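One letter stands for each residue in the lines below.
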Amino acid sequence: MEVIVGLAVPLLRENVDTDQIIPAQFLRILTKNGLGRYLFYRWRYDQDGKPKPEFVLNDERFKQATVLLALKNFGIGSSRENAVWALTDYGIKAVIAPSFGDIFYENAVKNGLACIRMDEKLIQQIGREAEAGGLTVRINIKEQSLSYGSQSVHYTMEPSVRRRLMSGEDEIENTMKYENKIMAYEQRMKKFYHVDRKRLLYE
Amino acid sequence: MATTIIEKIWKEHELAVDDDGRSLIYIDRHLTHEVTSPVAFEDLRIRGRKLRRPDLTVAVMDHNVPTGPREEPIRDELSYKQMQALYKNSEDFETMLLDYYSPFQGIIHIIGPELGLTLPGMTLAAGDSHTSTHGALGALAFGIGTSEVEHVFATQTLWLKKPKTMEIKVSGSLRRGVYSKDLALFLIGQLGTGGGIGHILEYTGETIRSMTPDERMTLCNLSTEAGARSSIISPDDKTFNYVRGRAFAPDEDDFNEAVEYWRTLASDPNATYDKSYSFDVSGLKPMVTWGTNPSMVVPVNGSIPSPDQFEASRRPGIEAALKYMGLTPGQAITDIKVDRVFIGSCTNSRLSDLTIAARVVKGRKVSNSVRAMVVPGSQYVKRNAERKGLHSIFLEAGFEWRNAGCSMCIGMNEDQLLPGERAASTTNRNFENRQGPGGRTHLVSPAMAAAAAIEGHFVDITQWDMPEAI
Ligand code: SF4
């Protein structure tokens, strides 16, 4: 994935935690598929399960949005990867925010969801243009640029994140190339870090 | 060169550095639970991969388990399925499992330290954000998502960008009735929810040195609420005494050797950090959160802030929080009435927490308008509390005394707030709907929660009479 082109939706709130992205009640699952319908569940639906008209994703103009604009500390809180699975299953391809929760950020990369850090003022500005609906944003992962309307801006992303987003590589496969190093550590690992399962019987 | 404990443990476990500067870190201990592991196990199966080190992996059921009597059937079908999956997965992949019925079952971050699975100097990972707790014993611990859980299963390693280091130096002694929970909430209020992003926190200073390992765990547990993925405290004699004799701690033959090694890990006196903050907390009051994230916090003698006190850009968030919480600016904290009290969670459900709460409760009755419950962090904590007679104190006062689990901290089982209900809670997150749809959470210490249960509203526990011992 090198380029993401999509409709932008402004969700200009700070501290959108992963409990809001997907509530705990939907974590009782055994697969990661189909979580899009629970995305922002309590903001999106009322207690009877009816869509709340005031929530931006329920607005016809943003139904097809794939680029989410948010404010600082997006994805803080719980480590639940379900938050990323819900976003990607819903169709979100990129989230743009001034900062992200550390675990969320890593979870996102692992699932090919681009998290792009940008200055808050700039996001507010793009957000204002997006408000009316119909603002298409084009993100070039390779060149670290984002364009909308006649504007084009640059952002920066860690090289490893950029590479992984573009290649979609299987990280485990890659790590297995380091087998020698892993084994070498296992040889020298302090013996008192080993677990002897029988111990619990005597507790 | 003077270095920090973070750098020392990092270096010991760094197997390689890739072209982009990420480190491959070996993970000595992996704790896993029924909710964030099923997809990871299933992926291993699909790809025909093995669990590399089942002997370093420990599974436990905690997040979704009921906390009622264990003889009763598990009514929630989805939770039951996740529990069944963990039985099958730990059997197929040969991990040790502390299941629902185990006498050592409990919250993942309670059982790690308590059973000696968490040791100083090790690296530890768990599919839960409060894994930062284990840093209290001098372990470098990381909360991870499910894909990373799978990565640790398959390789016993993680790729990590080396985080920046942040020192939080604390001086001054906490006055009677003020606890590490209050200190933690105060610090989150100072740093903000994102202040620790990209950093590992190290707590230093005389206040930290004088804290017990349990108190340190409460503090490190809450680091994640300031955005830090990990936090740590250099181990000392208190740590070693805590570890000694625990089920999986080094046995006496190895213990001295282990301690000798652990002593070398403490941060050097002149070590430098990317950021350093210091706080004098002698004047600290008990803290109460009023909003929908843990940084929205004030002292108990304070009042609900007005949106005007904040920068313009933050006002909409503050207004939304006040609306959700049903509070008005200027309202005194001690005038806020509560409907529910929850004492539990990996933040505050160790024996020491329950003991403090019991001291507050002893000989008193829960207010008629309050439903209060205690959920011990582990079955081991529960047994020990019962040995000391704490359960009778709670039961006589009108508290429910339940079995171990995450319970109302996350609201995945039937322990939940009803819409509009207001709780004094010893947990770690006051996010919207966290403890049940429409529920309103105020985070406080166990002593403050216990006192709120008795009075039906918040009170300043430092003004209370409580017995020094029970
Ligand atoms: S008690 Fe709460 S915070 Fe702790 S592990 Fe359980 S759900 Fe997470």
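Scroll up to find the structure.
Because the structure is a prediction, the values reported are computed rather than measured.

Procedures and definitions
- Residues numbered from 1 in each chain as written.
- Chains lettered and ligands numbered in written order.
- Predicted model: local features only at pLDDT ≥ 70, side-chain atom pairs only at ≥ 80, totals over all residues.
- Heavy atoms only, no water.
- Buried < 20%, exposed > 50% of the residue type's maximum accessible area, 1.4 Å probe, protein only.
- Helix = DSSP H or I, 4+ residues; strand = E, 2+ residues; numbered from the N terminus.
- Pairing = 2+ DSSP bridges.
- Near = heavy atom within 4 Å.
- Nonpolar A, V, L, I, M, F, W, Y, C, P; charged D, E, K, R; others polar.
- Salt bridge = Lys/Arg side-chain N within 4 Å of Asp/Glu carboxyl O.
- Axes fitted to C-alpha atoms, helices over the stretch in contact; angles between N-to-C directions.
- Contact = heavy atoms within 4.5 Å.
- Phe/Tyr/Trp six-rings, centres within 6.5 Å; stacked < 30°, edge-to-face > 60°.
- Lys NZ or Arg CZ within 6 Å of the ring centre and 35° of its normal.

## Quick notes on the pairing of strand β1 (residues 3–11) of chain A
Residue and element names in this part refer to chain A.
Here is step 1: Burial runs high along β1: seven of the nine residues are buried.
Here is step 2: Of the strand pairs in this sheet, β1 and strand β5 (residues 136–140) are connected by five bridges, and their pairing is antiparallel. The residue bridging Ile-4 from the neighbouring strand is Ile-139, located in β5.
Here is step 3: Direction of pairing for β1 relative to strand β2 (residues 67–70): parallel, over a ladder of four bridges. Bridge pairing in β2 places Ala-8 opposite Val-67.

## Notes on the site of the ligand
Here is step 1: Around the ligand, the neighbouring residues are His63(B), Ile107(B), His109(B), Asp128(B), His130(B), Ser345(B), Cys346(B), Cys406(B), Cys409(B), Ile410(B), Asn428(B) and Arg434(B).
Here is step 2: Its residues assigned to classes, the shell around the ligand comprises five nonpolar, five polar and two charged.

## Observations regarding the pattern of salt bridges
If charged atoms from side chains of opposite charge come close, those side chains can pair.
Here is step 1: Under the definition given, this model contains 47 salt bridges over all chains.
Here is step 2: Residue Glu173(A) is joined to Arg49(B) by a salt bridge in which the shortest nitrogen-to-oxygen separation is 2.9 Å. With one member in each of two chains, Glu173(A) in helix α7 (residues 171–175) and Arg49(B) in the loop between α2 (38–46) and β4 (57–60) form a pair that bridges those chains.
Here is step 3: For Arg49(B), a relative accessible area of 11% gives the class buried.

## Overview of the sheet that holds strand β7 (residues 151–154) of chain A
Residues and elements named next belong to chain A.
Here is step 1: Within the open sheet, the seven strands sit side by side as β4-β3-β2-β1-β5-β6-β7. Their pairing is mixed. The sheet terminates laterally at β4 (114–117) and β7, the two strands that pair on one side only. The mean angle between the axes of side-by-side strands here comes to 25°, regardless of whether they run parallel or antiparallel.
Here is step 2: Relative to β4, strand β3 (residues 94–97) is paired through four bridges, and the arrangement is parallel. Across the sheet, the residue bridging to Ala-94 is Ala-114, located in β4.
Here is step 3: Strands β1, β2, β3, β6 (145–148) and β7 of the sheet are contacted by helix α5 (residues 120–130), whose axis makes an angle of about 125° with β2.

## As for the packing of aromatic side chains
Aromatic rings in a pair are described by how distant their centres are and how their planes are angled relative to each other.
Here is step 1: The tally for this structure, following the rule as stated, stands at 26 aromatic pairs over all chains.
Here is step 2: Ring centres of Phe255(B) and Trp262(B) lie 6.2 Å apart, and the angle between their planes is 90°; on these two criteria the pair is classed as edge-to-face. Trp262(B) carries the same exposure label as Phe255(B), and that label is buried.
Here is step 3: Note on Phe394(B) and Phe399(B): the rings are 5.3 Å apart at their centroids and 70° apart in plane angle, and the pair reads as edge-to-face. Side by side, Phe394(B) and Phe399(B) carry an identical accessibility label, which is buried.
Here is step 4: One aromatic cluster is present, formed by Phe192(A), Tyr193(A), Phe240(B), Phe255(B), Tyr261(B) and Trp262(B) through successive ring pairs.
Here is step 5: Residue placement shows Arg13(A) over the ring face of Trp43(A); its charged tip is 3.9 Å from the ring centre.
Here is step 6: Sitting above the plane of the Phe104(B) ring, Arg383(B) keeps its charged end 5.4 Å from the centroid.

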